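Residue-level structure breakdown
The primary structure of each chain is shown beneath.
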Amino acid sequence: MPQAKQIVVITGAGISAESGLSTFRDSGGLWEGYDINEVASIDGWRINPEKVLDFYNLRRKQALEAKPNNAHKALADLQNDFDVQIITQNVDDLHEKAGSKNVLHLHGELNKAKSSKVDDYIVDIGSQPIELGDKAADGSQLRPHVVWFGELVPNLEKAAHITSKADILIVIGTSLVVYPAAGLIDYVKQSIPKYIIDPSEPEFRDLSDWNHIKEKAASGTPKLVKKLKDKR
Ligand code: OAD
């Protein structure tokens with residue numbers, strides 16, 4: 001049997017928008033209501049950890065209540081016909097809830113906490129909040145397992161390797177402005193088919209050789225999945 005084609009899907013906040021989770025940079029997005037440096041940077045954590053914990057406790061609660069939409073579900077269905085690897089910048093678990101098996105989180109996961117001293121002490125916390133005074137086994141304050149501005153992205157190398165193997169690349173719901181994640185699209189082999197699903201025009205990248213599906217994820221993704229399956 002011939003090997004299944006490898007499809008790499010890079011997702012951002014836009015894929016979870018129709019599940020009720022806010023994006024960051026759209027009008028009304030999270031960075032309009034919060035100062036990114038205060039709640040999502042290592043400096044912010046050092047200055048006011050309680051504010052950071054409150055921000056992520058709220059995100060965690062909202063993510064728990066959210067359900068995968070037709071975009072997450074269509075990507076899970078794509079696994080039946082292709083070798084699918086999802087690389088997500090999202091900290092929610094909606095890809096997993098939909099049934100996707102190969103999901104690499106670039107910016108961490110809300111349902112995990114880690115030591116504030118070492119990177120490799122990570123524990124599952126599910127939907128529990130993290131409070132000031134909650135300690136890791138090494139005695140340090142527990143913090144969200146989220147990659148903040150000013151920190152390295154531990155899964156970057158793995159993500160770049162996966163992207164370089166893609167036979168088809170799909171990008172869904174990301175403004176492609178946050179590096180190093182946004183630089184992943186430069187690792188693809190030349191001349192593979194590339195699709196981007198986003199109702200807006202990506203501002204900062206020349207995507208002239210991409211197929212732009214100018215729709216919201218929950219309608220655009222099932223259509224693309226059907227097309228790829230039919231063409232197989
Ligand atoms: P952004 O908020 O920057 O971009 C969201 C993208 O989704 C935009 O291009 C929107 O046009 C698009 N969009 C909105 N609604 C959509 C829908 N229903 N269907 C499809 N697309 C839609 O979010 P990200 O690119 O994910 O990092 O942001 C990247 C990183 O910046 C995040 O991981 C986060 C943030 O700061 C950290 O906090 C470390």
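Structure shown above.
Residues numbered from 1 in each chain as written. Predicted model: local features only at pLDDT ≥ 70, side-chain atom pairs only at ≥ 80, totals over all residues. Heavy atoms only, no water.

Some thoughts on the site of the ligand
Our working rule: Residue proximity to a molecule or strand is established when one non-hydrogen atom of the residue lies within 4 Å of it. The definition of a polar contact used here is a pair of N or O atoms within 3.5 Å, where within protein one atom must be able to donate a hydrogen and the other to accept one, and adjacent residues in sequence count solely through side-chain atom pairs. Only the protein chains shown count as covering a residue, and every accessible area follows the Shrake-Rupley method with a 1.4 Å probe. Each residue is assigned to one class: nonpolar for Ala, Val, Leu, Ile, Met, Phe, Trp, Tyr, Cys and Pro, charged for Asp, Glu, Lys and Arg, and polar for all the others, Gly among them.
Near the ligand lie 23 residues; those nearest to it are Phe24, Arg25, Thr174, Ser175 and Asp198. At a separation of 2.7 Å, an oxygen atom of the ligand approaches a polar side-chain atom of Thr174. One of the side-chain nitrogen or oxygen atoms of Ser200 is found 3.2 Å away from an oxygen atom of the ligand. Protein coverage of the free-state accessible area of the ligand, which is 790 Å², stands at 93%. The class makeup of the residues in the shell around the ligand is nine nonpolar, nine polar and five charged.

Describing the packing of aromatic side chains
Operational definition: Each Phe, Tyr or Trp ring, with Trp reduced to its six-membered ring, pairs with another whose centre is within 6.5 Å; inter-plane angles below 30 degrees give stacked pairs, above 60 give edge-to-face pairs, and intermediate values give tilted ones. Under the DSSP-based scheme used, a helix requires at least four consecutive residues in state H or I and a strand at least two consecutive residues in state E, with every element numbered from the N terminus. Three labels apply to residues, based on accessible area from a 1.4 Å probe with only protein chains included: buried if under 20% of the type maximum, exposed if over 50%, partly exposed otherwise in between. Our definition puts a charge over a ring when NZ of Lys or CZ of Arg is within 6 Å of the ring centre and also within 35 degrees of the ring normal.
What the rule picks out here adds up to six aromatic pairs. With a centroid separation of 4.8 Å and an interplanar angle of 85 degrees, the aromatic rings of Phe55 and Tyr56 are classed as edge-to-face. Measuring from ring centre to ring centre gives 6.3 Å for Tyr56 and Trp148, while their planes differ by 40 degrees; the resulting arrangement is tilted. With Tyr56 in helix H5 (residues 49-65) and Trp148 in the loop between strand E6 (142-146) and helix H8 (156-164), this residue pair connects regions lying 92 residues apart in the sequence. Judged by relative accessible area, Tyr56 falls into the buried class, the value being 6%. One aromatic cluster is present, formed by Phe24, Trp31, Tyr34, Trp45, Phe55, Tyr56 and Trp148 through successive ring pairs. Stacked on the ring of Phe55, the Lys or Arg Arg59 has its end atom at 4.4 Å from the ring centre. For Arg143, the ring lying beneath its charged end belongs to Trp148, and the centroid distance is 3.8 Å.

Some thoughts on the pairing of strand E8 (residues 194-197)
Test applied: Each pair of strands is called paired provided DSSP finds at least two bridges between the two strands.
Both faces of E8 are covered, namely the face carrying Lys194 and Ile196 and the face carrying Tyr195 and Ile197. Where strand E7 (residues 168-172) lies against E8, four bridges are found, and the strand directions are parallel. What sits directly across from Val171, in E8, is Ile196. Bridge count between E8 and strand E9 (residues 211-213): three bridges; the pairing is parallel. Bridging across to E9, Ile196 finds its partner in His212.

These results come straight from atomic positions and should not be treated as a statement about function.
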